[in-house]
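Listed here are the chains, written in short residue letters.
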Amino acid sequence: MLAEALFFSAVLFTIGVVGVLTRRNAIIIFMCVELMLNAVNLTFVAFSRAYGAAGQIFVFFTLTVAAAEAAVGLAIIISLFRHKQTVNLQHINILKG
Amino acid sequence: MQNTPLFYTFNFYLFGIIAIASAVCFVTRKSPVAAALWLVNTMFSLAAMYIMLDAPFIGAIQVLVYAGAIMVVFLFVIMLLNLGQPSEIADVRNQKWRLIAGFVGLAMLAEIFVLTRSGSVAALTLPGDAAANAVIQSGAVGAIATPLFTTYLLPFEITSVLLLAAIVGAVMIGKQRSTHAR
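Only a predicted model underlies this, so the values are computations on that prediction, with no experimental measurement involved.

What is the right way to look at the overall build of chain B in this model?
Of regular secondary structure, chain B possesses six helices and zero strands. Each helix and strand of chain B, placed in order from N terminus to C terminus, yields the pattern α-α-α-α-α-α. Within chain B, the proportion of its 182 residues that are buried is 24%. Summarising the internal contacts of chain B: among those between residues at least 6 apart in sequence, 55% fall at separations of at least 24.

Structure below.
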(Lines give C-alpha, C1' and ligand atoms only; values in the text may rest on other atoms or scores of the structure.)
Protein backbone atom coordinates (compact mmCIF):
# COMPACT_ATOMS: atom_id res chain seq x y z
CA MET A 1 0.00 0.00 0.00
CA LEU A 2 3.05 2.31 0.24
CA ALA A 3 3.08 3.35 -3.42
CA GLU A 4 -0.69 3.96 -3.50
CA ALA A 5 -0.58 6.03 -0.30
CA LEU A 6 2.32 8.10 -1.68
CA PHE A 7 0.36 8.64 -4.90
CA PHE A 8 -2.73 9.90 -3.05
CA SER A 9 -0.57 12.06 -0.80
CA ALA A 10 1.20 13.60 -3.81
CA VAL A 11 -2.09 14.44 -5.51
CA LEU A 12 -3.54 15.96 -2.32
CA PHE A 13 -0.41 18.06 -1.75
CA THR A 14 -0.49 19.30 -5.33
CA ILE A 15 -4.17 20.27 -5.00
CA GLY A 16 -3.20 22.22 -1.88
CA VAL A 17 -0.38 24.04 -3.70
CA VAL A 18 -2.64 24.90 -6.64
CA GLY A 19 -5.24 26.21 -4.19
CA VAL A 20 -2.70 28.43 -2.44
CA LEU A 21 -1.54 29.84 -5.78
CA THR A 22 -4.97 30.43 -7.33
CA ARG A 23 -7.26 31.60 -4.51
CA ARG A 24 -7.44 35.08 -3.01
CA ASN A 25 -9.53 34.46 0.10
CA ALA A 26 -7.11 34.33 3.04
CA ILE A 27 -9.17 31.77 4.95
CA ILE A 28 -9.34 29.39 1.98
CA ILE A 29 -5.59 29.75 1.41
CA PHE A 30 -5.10 28.87 5.07
CA MET A 31 -7.29 25.79 4.67
CA CYS A 32 -5.20 24.80 1.63
CA VAL A 33 -2.13 24.89 3.87
CA GLU A 34 -3.95 22.54 6.25
CA LEU A 35 -4.66 20.24 3.30
CA MET A 36 -0.94 20.19 2.47
CA LEU A 37 -0.10 19.32 6.09
CA ASN A 38 -2.63 16.47 5.87
CA ALA A 39 -1.05 15.16 2.69
CA VAL A 40 2.35 15.07 4.37
CA ASN A 41 0.78 13.28 7.34
CA LEU A 42 -0.44 10.58 4.98
CA THR A 43 3.13 10.16 3.71
CA PHE A 44 4.40 9.86 7.28
CA VAL A 45 1.83 7.21 8.19
CA ALA A 46 2.52 5.24 5.00
CA PHE A 47 6.26 5.27 5.66
CA SER A 48 5.77 4.43 9.34
CA ARG A 49 4.15 1.20 8.20
CA ALA A 50 7.35 0.29 6.38
CA TYR A 51 10.05 1.85 8.57
CA GLY A 52 8.78 1.84 12.17
CA ALA A 53 6.69 3.92 14.54
CA ALA A 54 8.71 7.17 14.22
CA GLY A 55 6.48 8.34 11.38
CA GLN A 56 3.39 8.23 13.58
CA ILE A 57 5.21 10.27 16.24
CA PHE A 58 5.96 12.88 13.60
CA VAL A 59 2.27 12.95 12.64
CA PHE A 60 1.53 13.66 16.31
CA PHE A 61 3.90 16.64 16.27
CA THR A 62 2.52 17.84 12.95
CA LEU A 63 -0.97 17.80 14.45
CA THR A 64 0.23 19.93 17.35
CA VAL A 65 1.91 22.40 15.01
CA ALA A 66 -1.23 22.53 12.85
CA ALA A 67 -3.41 23.28 15.87
CA ALA A 68 -1.05 26.04 17.05
CA GLU A 69 -0.83 27.40 13.51
CA ALA A 70 -4.63 27.46 13.16
CA ALA A 71 -5.01 29.38 16.43
CA VAL A 72 -2.36 32.01 15.64
CA GLY A 73 -3.18 32.28 11.94
CA LEU A 74 -6.88 32.77 12.51
CA ALA A 75 -6.12 35.39 15.16
CA ILE A 76 -3.99 37.18 12.54
CA ILE A 77 -6.82 36.95 10.00
CA ILE A 78 -9.29 38.39 12.54
CA SER A 79 -7.04 41.34 13.36
CA LEU A 80 -6.39 41.83 9.62
CA PHE A 81 -10.14 41.92 9.02
CA ARG A 82 -10.51 44.52 11.77
CA HIS A 83 -8.05 46.82 10.02
CA LYS A 84 -9.06 46.29 6.38
CA GLN A 85 -12.67 44.97 6.54
CA THR A 86 -11.71 42.28 4.01
CA VAL A 87 -9.85 38.97 3.76
CA ASN A 88 -9.25 39.32 0.04
CA LEU A 89 -5.49 39.25 -0.39
CA GLN A 90 -5.71 41.54 -3.43
CA HIS A 91 -6.58 44.42 -1.11
CA ILE A 92 -3.88 43.65 1.44
CA ASN A 93 -0.84 45.01 -0.39
CA ILE A 94 0.90 47.50 1.91
CA LEU A 95 4.18 45.62 1.60
CA LYS A 96 3.93 45.32 -2.19
CA GLY A 97 6.85 47.11 -3.88
CA MET B 1 1.30 -5.83 -2.96
CA GLN B 2 0.05 -9.20 -4.07
CA ASN B 3 -0.78 -10.54 -0.59
CA THR B 4 -3.28 -7.81 0.39
CA PRO B 5 -6.91 -8.87 0.07
CA LEU B 6 -8.95 -7.39 -2.75
CA PHE B 7 -11.50 -5.93 -0.32
CA TYR B 8 -8.74 -3.99 1.46
CA THR B 9 -7.26 -2.66 -1.77
CA PHE B 10 -10.69 -1.67 -3.08
CA ASN B 11 -11.54 0.27 0.09
CA PHE B 12 -8.15 1.96 0.18
CA TYR B 13 -8.58 3.19 -3.38
CA LEU B 14 -12.20 4.16 -2.62
CA PHE B 15 -11.23 6.39 0.30
CA GLY B 16 -8.30 7.82 -1.63
CA ILE B 17 -10.54 8.77 -4.54
CA ILE B 18 -13.11 10.25 -2.12
CA ALA B 19 -10.33 12.29 -0.52
CA ILE B 20 -9.04 13.62 -3.84
CA ALA B 21 -12.53 14.38 -5.20
CA SER B 22 -13.42 16.25 -1.99
CA ALA B 23 -10.14 18.16 -2.18
CA VAL B 24 -10.88 19.20 -5.76
CA CYS B 25 -14.38 20.33 -4.70
CA PHE B 26 -12.80 22.16 -1.76
CA VAL B 27 -10.40 24.16 -3.94
CA THR B 28 -13.06 25.06 -6.52
CA ARG B 29 -15.89 26.16 -4.17
CA LYS B 30 -16.68 29.88 -4.05
CA SER B 31 -18.31 29.89 -0.61
CA PRO B 32 -15.87 29.45 2.31
CA VAL B 33 -18.41 27.40 4.30
CA ALA B 34 -18.86 24.87 1.47
CA ALA B 35 -15.09 24.72 1.05
CA ALA B 36 -14.59 24.04 4.76
CA LEU B 37 -17.18 21.24 4.74
CA TRP B 38 -15.52 19.58 1.73
CA LEU B 39 -12.20 19.81 3.57
CA VAL B 40 -13.81 18.04 6.55
CA ASN B 41 -14.87 15.29 4.12
CA THR B 42 -11.26 14.98 2.91
CA MET B 43 -10.04 14.68 6.49
CA PHE B 44 -12.54 11.95 7.30
CA SER B 45 -11.39 9.92 4.29
CA LEU B 46 -7.78 10.48 5.33
CA ALA B 47 -8.65 9.18 8.81
CA ALA B 48 -10.06 6.03 7.20
CA MET B 49 -6.83 5.64 5.21
CA TYR B 50 -4.74 6.02 8.39
CA ILE B 51 -6.73 3.24 10.04
CA MET B 52 -6.22 1.03 6.99
CA LEU B 53 -2.47 1.76 7.20
CA ASP B 54 -2.37 0.24 10.74
CA ALA B 55 -2.37 3.59 12.56
CA PRO B 56 -5.74 3.56 14.40
CA PHE B 57 -4.70 6.10 17.04
CA ILE B 58 -3.62 8.60 14.39
CA GLY B 59 -6.93 8.03 12.61
CA ALA B 60 -8.83 8.75 15.83
CA ILE B 61 -6.97 11.98 16.59
CA GLN B 62 -7.30 12.99 12.95
CA VAL B 63 -11.08 12.95 13.41
CA LEU B 64 -10.92 14.56 16.86
CA VAL B 65 -8.32 17.26 16.28
CA TYR B 66 -8.48 18.03 12.55
CA ALA B 67 -12.07 17.38 11.56
CA GLY B 68 -13.35 18.25 15.02
CA ALA B 69 -11.31 21.05 16.53
CA ILE B 70 -9.37 22.81 13.78
CA MET B 71 -12.20 22.89 11.24
CA VAL B 72 -14.65 24.12 13.90
CA VAL B 73 -12.26 26.99 14.59
CA PHE B 74 -12.19 27.77 10.85
CA LEU B 75 -15.99 27.72 10.60
CA PHE B 76 -16.19 29.83 13.73
CA VAL B 77 -13.95 32.50 12.21
CA ILE B 78 -15.96 32.43 8.95
CA MET B 79 -19.10 32.99 11.04
CA LEU B 80 -17.43 35.67 13.17
CA LEU B 81 -16.28 37.68 10.16
CA ASN B 82 -19.58 37.07 8.32
CA LEU B 83 -17.86 35.64 5.24
CA GLY B 84 -20.36 32.85 4.64
CA GLN B 85 -21.69 34.13 1.34
CA PRO B 86 -19.45 34.01 -1.74
CA SER B 87 -17.97 37.43 -2.41
CA GLU B 88 -18.89 39.48 -5.48
CA ILE B 89 -15.22 40.16 -6.20
CA ALA B 90 -13.52 37.46 -8.26
CA ASP B 91 -11.97 35.16 -5.70
CA VAL B 92 -9.76 33.28 -8.14
CA ARG B 93 -6.62 34.95 -9.40
CA ASN B 94 -6.13 35.86 -13.07
CA GLN B 95 -4.94 33.75 -15.99
CA LYS B 96 -1.24 34.27 -15.32
CA TRP B 97 -1.48 32.91 -11.79
CA ARG B 98 -3.59 29.97 -12.96
CA LEU B 99 -0.92 29.07 -15.53
CA ILE B 100 1.81 29.35 -12.87
CA ALA B 101 -0.22 27.16 -10.51
CA GLY B 102 -0.81 24.56 -13.20
CA PHE B 103 2.88 24.48 -14.08
CA VAL B 104 3.99 24.19 -10.43
CA GLY B 105 1.40 21.45 -9.85
CA LEU B 106 2.55 19.42 -12.86
CA ALA B 107 6.21 19.84 -11.90
CA MET B 108 5.57 18.65 -8.34
CA LEU B 109 3.52 15.68 -9.52
CA ALA B 110 6.25 14.67 -11.97
CA GLU B 111 8.93 14.99 -9.29
CA ILE B 112 7.01 12.87 -6.80
CA PHE B 113 6.25 10.18 -9.41
CA VAL B 114 9.95 9.93 -10.23
CA LEU B 115 10.76 9.63 -6.52
CA THR B 116 8.18 6.89 -5.88
CA ARG B 117 9.63 4.84 -8.74
CA SER B 118 13.06 4.72 -7.13
CA GLY B 119 11.98 2.10 -4.58
CA SER B 120 12.68 1.82 -0.85
CA VAL B 121 15.84 0.85 0.98
CA ALA B 122 15.58 -2.87 1.62
CA ALA B 123 17.87 -2.86 4.69
CA LEU B 124 15.62 -0.41 6.57
CA THR B 125 12.28 -1.92 5.59
CA LEU B 126 10.30 -3.73 8.25
CA PRO B 127 8.18 -6.76 7.39
CA GLY B 128 4.75 -5.81 6.06
CA ASP B 129 2.80 -6.76 9.17
CA ALA B 130 5.15 -5.11 11.73
CA ALA B 131 2.85 -2.14 12.34
CA ALA B 132 -0.21 -4.38 12.67
CA ASN B 133 1.68 -6.62 15.12
CA ALA B 134 2.73 -3.60 17.21
CA VAL B 135 -0.93 -2.55 17.48
CA ILE B 136 -1.95 -6.09 18.49
CA GLN B 137 0.89 -6.38 21.04
CA SER B 138 0.71 -3.05 22.86
CA GLY B 139 -2.67 -1.66 21.80
CA ALA B 140 -3.51 1.24 19.50
CA VAL B 141 -2.38 3.85 22.04
CA GLY B 142 0.57 1.90 23.40
CA ALA B 143 2.14 1.53 19.95
CA ILE B 144 2.44 5.33 19.85
CA ALA B 145 2.89 6.07 23.54
CA THR B 146 5.93 3.86 24.13
CA PRO B 147 8.23 5.62 21.63
CA LEU B 148 6.64 9.00 22.38
CA PHE B 149 7.49 8.86 26.09
CA THR B 150 10.88 7.15 25.76
CA THR B 151 12.78 8.06 22.58
CA TYR B 152 10.89 11.24 21.73
CA LEU B 153 10.32 12.55 25.27
CA LEU B 154 12.26 15.81 24.77
CA PRO B 155 10.39 16.85 21.57
CA PHE B 156 7.15 15.99 23.37
CA GLU B 157 8.02 18.32 26.22
CA ILE B 158 9.11 21.08 23.82
CA THR B 159 5.66 20.76 22.21
CA SER B 160 4.16 22.14 25.42
CA VAL B 161 6.27 25.29 25.02
CA LEU B 162 5.02 25.60 21.44
CA LEU B 163 1.40 25.32 22.57
CA LEU B 164 1.94 27.88 25.33
CA ALA B 165 3.49 30.30 22.83
CA ALA B 166 0.56 29.73 20.46
CA ILE B 167 -1.99 30.40 23.21
CA VAL B 168 -0.28 33.60 24.33
CA GLY B 169 0.21 34.73 20.72
CA ALA B 170 -3.39 34.07 19.71
CA VAL B 171 -4.73 35.94 22.74
CA MET B 172 -2.40 38.90 22.21
CA ILE B 173 -3.11 39.20 18.47
CA GLY B 174 -6.84 38.61 18.76
CA LYS B 175 -7.36 40.93 21.72
CA GLN B 176 -9.75 43.77 20.98
CA ARG B 177 -7.55 46.83 21.18
CA SER B 178 -8.87 50.23 20.25
CA THR B 179 -6.41 51.73 17.80
CA HIS B 180 -6.88 55.34 18.89
CA ALA B 181 -6.15 54.55 22.55
CA ARG B 182 -2.46 53.93 21.87
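Explain the overall build of chain A to me, please; I cannot follow it from the model alone.
The helix and strand tally for chain A stands at three helices and zero strands. Starting at the N terminus and walking to the C terminus, you meet the elements of chain A as α-α-α. Taken along its principal axes, the extent of the C-alpha atoms in chain A is 50 × 25 × 20 Å. Buried positions account for 53% of the 97 residues belonging to chain A. Long-range pairs, those at least 24 residues apart, make up 47% of the contacts in chain A with a sequence separation of at least 6.

Help me understand the nonpolar core, please; the structure alone is not making it clear to me.
General note: in soluble globular proteins, nonpolar side chains tend to be found buried as a group. Membership of the largest hydrophobic core comes to 70 residues, with the highest contact counts inside it found for A:Leu12, A:Ile27, A:Met31, A:Leu42, A:Val45, B:Leu39 and B:Met49. For this core, the elements supplying multiple residues, two or more each, are α1 (2-22), α2 (26-51) and α3 (54-84) of chain A together with α1 (6-28), α2 (32-52), α3 (56-80) and α5 (130-149) of chain B. In terms of residue count, the dominant contributor to this core is α2(A) (15 residues). In contact with B:Met49, other than residues within four places in its own chain, are A:Ala5, A:Leu42, B:Phe12, B:Phe15 and B:Gly16.

What's the story with the environment of B:Phe12 in this structure? I'm lost.
Among the secondary structure elements, B:Phe12 is positioned in helix α1. You can call B:Phe12 buried: it has 20 C-beta atoms within 10 Å. Remark: the alpha-carbon pair of B:Phe12 and B:Leu53, spanning 41 residues in sequence, is separated by 9.0 Å. Apart from residues lying up to four places away in sequence, B:Phe12 is in contact with A:Met1, A:Glu4, B:Met49 and B:Met52.

Would you explain the interface of chain B and chain A in this entry?
How big an interface is tends to be expressed through the accessible area that disappears when the partners come together. Listed as interface residues are 70 residues of chain B and, on the opposing side, 59 residues of chain A. It is α3(B) that contributes the most residues to the side of chain B that touches chain A, eleven residues altogether. When its residues are assigned to classes, the side of chain B that touches chain A shows 55 nonpolar, eleven polar and four charged.

Would you mind going over α2(B) with me for this structure?
Note: α-helices contain 3.6 residues per turn, so residues at a spacing of three or four share the same orientation. All names here are of chain B. Between the first and last C-alpha of α2 there are 30 Å, a value that for 21 residues agrees with the 30 Å anticipated at 1.5 Å per step. Counting buried residues in α2 gives 15 out of 21 residues, a clear majority hidden from the surface. Of the residues flanking the end of α2, it is Asp-54, one or two places downstream, whose phi is positive at about 65 degrees.

I tried to follow α1(B) on my own but got confused; where do I start?
Here α1(B) contains 23 residues, and its C-alpha end-to-end distance of 33 Å stays within 8% of the 33 Å for a straight helix at 1.5 Å per residue. Along α1(B), the positions that sit buried rather than exposed are B:Phe12, B:Phe15, B:Gly16, B:Ala19, B:Ser22, B:Ala23, B:Phe26 and B:Val27. Of the surrounding elements, those touching the buried residues of α1(B) are α1 and α2 of chain A together with α2 of chain B.

Procedures and definitions
- Residues numbered from 1 in each chain as written.
- Chains lettered and ligands numbered in written order.
- Predicted model: local features only at pLDDT ≥ 70, side-chain atom pairs only at ≥ 80, totals over all residues.
- Helix = DSSP H or I, 4+ residues; strand = E, 2+ residues; numbered from the N terminus.
- Buried ≥ 20, exposed ≤ 12 C-beta atoms within 10 Å, placed from the backbone.
- Contact = placed C-beta atoms within 7 Å.
- Core = buried A, V, L, I, M, F, W, Y, C linked by C-beta atoms within 7 Å.
- Nonpolar A, V, L, I, M, F, W, Y, C, P; charged D, E, K, R; others polar.
- Expected span 1.5 Å × (residues − 1).

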